[in-house]
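Coordinates in review
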Amino acid sequence: PMPQYDVQQQLLQQAAAQVASCCNTQLLTIDSPQLPPVATPDAAAVQQILSAAEAPDLSPNSCPHLYYTMPAQHGPTHGNSMAHSGAMQQQSLAVLQQAAELLQQDLPVAIPTETVYGLAANALSAPAVAHIFRAKGRPSDNPLIVHISDLDMLYKLYPDHIAAGTNPIPQQYHRLIAAFWPGPLTILLPASPLIPAAVTAGQPTVAVRMPAHPTARALIAAAGVPLAAPSANTSGRPSPTT
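Treat the numbers as computed from the prediction; the structure is a model and nothing was measured. (Residues numbered from 1 in each chain as written. Predicted model: local features only at pLDDT ≥ 70, side-chain atom pairs only at ≥ 80, totals over all residues. Heavy atoms only, no water.)

Right, let's get into a nonpolar patch on the surface. The grouping of L50, L176 and F180 at the surface amounts to a nonpolar patch, some 220 Å² of accessible area in total. Position of F180 among the secondary structure elements: in helix α7 (residues 174-180). (Patch = residues over 30% accessible without salt bridge, like charges linked within 9 Å, V, L, I, M, F, W, Y side chains within 5 Å. Areas by Shrake-Rupley, 256 points an atom, 1.4 Å probe, with all protein chains shown as cover. Salt bridge = Lys/Arg side-chain N within 4 Å of Asp/Glu carboxyl O. Helix = DSSP H or I, 4+ residues; strand = E, 2+ residues; numbered from the N terminus.)

Encoded structure:
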């Protein structure tokens, strides 16, 4: 049998070849450690959240880890030991912005997540989502998961709730979100009027999650839109893991 690394490399090559057959490709290199780290509750905090008498209100004060701010792009301070690190961060942020611009142009971008590599596209654009289905050979009746950078991005998908001052997230989800987001937890919500039917396969619900990988979360924030992102492999083939 082939070593695990060789198998993963083969899967990545197959995914890249499939995407290349329907769109132009380029390799963008981002140094994830130079991006803001993703904070997640530790085991003690998770236990406290799950056992508390009341569920958290998911506000920035009670759950700051559910909100995200992109670092500013500015030149590094020269003449000290931080200059090299600062230059590396600015380079990663510049590449991140380049990837974000591709997404804003409705082009797909393959990204790492904490679970598998994903083939991402603007979840609010039907033409962008069509690229995913075409690249993967994915059946149109197979819905996609929508990835968000933070709760503010999720709330913007429900303008009626914003106007009414209500929370679109059901109360029974609050503990789970506070404890396990960012992370691989996916929740089902009523389909947003802003999300194309192709994303939900015409179903009345939409699947949403907040990834914990620093590159994925930063890219979603930089793009300014939620991303539909199934695994970056031909439909029916094994998913390439990060």
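The full count for this structure, using the stated rule, is one salt bridge. Where E114 meets R209, a salt bridge forms, and the shortest distance between an N and an O atom there is 2.7 Å. Here R209 lies in strand β5 (residues 205-209) and E114 lies in the loop between β1 (109-111) and β2 (118-122), a separation of 95 residues in the sequence.

It is worth spelling out the sheet that holds strand β6 (residues 227-228) at this point. The strand order across the open sheet built from six strands is β1-β2-β6-β3-β5-β4, with neighbouring strands paired in mixed fashion. Edge strands, defined here as strands with exactly one partner in the open sheet, are β1 and β4 (187-190). Sheet topology note: the strand β3 (residues 145-147)/β5 ladder contains three bridges and is parallel. Residue pairing for β5: H147 is matched across the bridge by R209. (Pairing = 2+ DSSP bridges.)

The next thing to look at is the environment of Q97. Looking at where Q97 falls in the secondary structure, it is placed in helix α3 (residues 82-104). Between the C-alpha atom of Q97 and that of A223, which follows or precedes it by 126 residues, the distance is 7.6 Å.

Take the pairing of β2 next. Successive side chains on a regular strand alternate, one facing one side of the sheet and the next facing the other. For β2, the buried fraction is high: five of the five residues fall into the buried class. With three bridges connecting them, β1 and β2 associate as antiparallel partners. Bridged to A110 within β2 is L119. Turn length for the β1-β2 hairpin, with the two strands adjacent in sequence and antiparallel, is six residues. The pairing of β2 with β6 spans two bridges and is antiparallel. Considered in β6, the bridge of N122 is made with L227. (Buried < 20%, exposed > 50% of the residue type's maximum accessible area, 1.4 Å probe, protein only.)

Before going further, it helps to examine the nonpolar core. Counting 56 residues, the largest nonpolar core has L58, L66, L151, L154 and W181 as the members making the most contacts within it. Top contributing element to this core by residue count: α3, with seven residues. (Core = buried A, V, L, I, M, F, W, Y, C linked by side-chain atoms within 4.5 Å.)

Now for the side chain of R209. Accessibility expressed as a relative area gives 5% for R209, which makes it buried. In this structure the side chain of R209 is engaged in a polar contact, spanning 2.9 Å, whose partner is the backbone oxygen of G183. When residues no more than four places from it in sequence are discounted, the contact partners of R209 are T113, E114, T115, I145, V146, H147, I148, W181, G183, P184, L185 and T186. (Polar contact = N/O pair within 3.5 Å; in protein donor to acceptor, adjacent residues only side chain to side chain. Contact = heavy atoms within 4.5 Å.)

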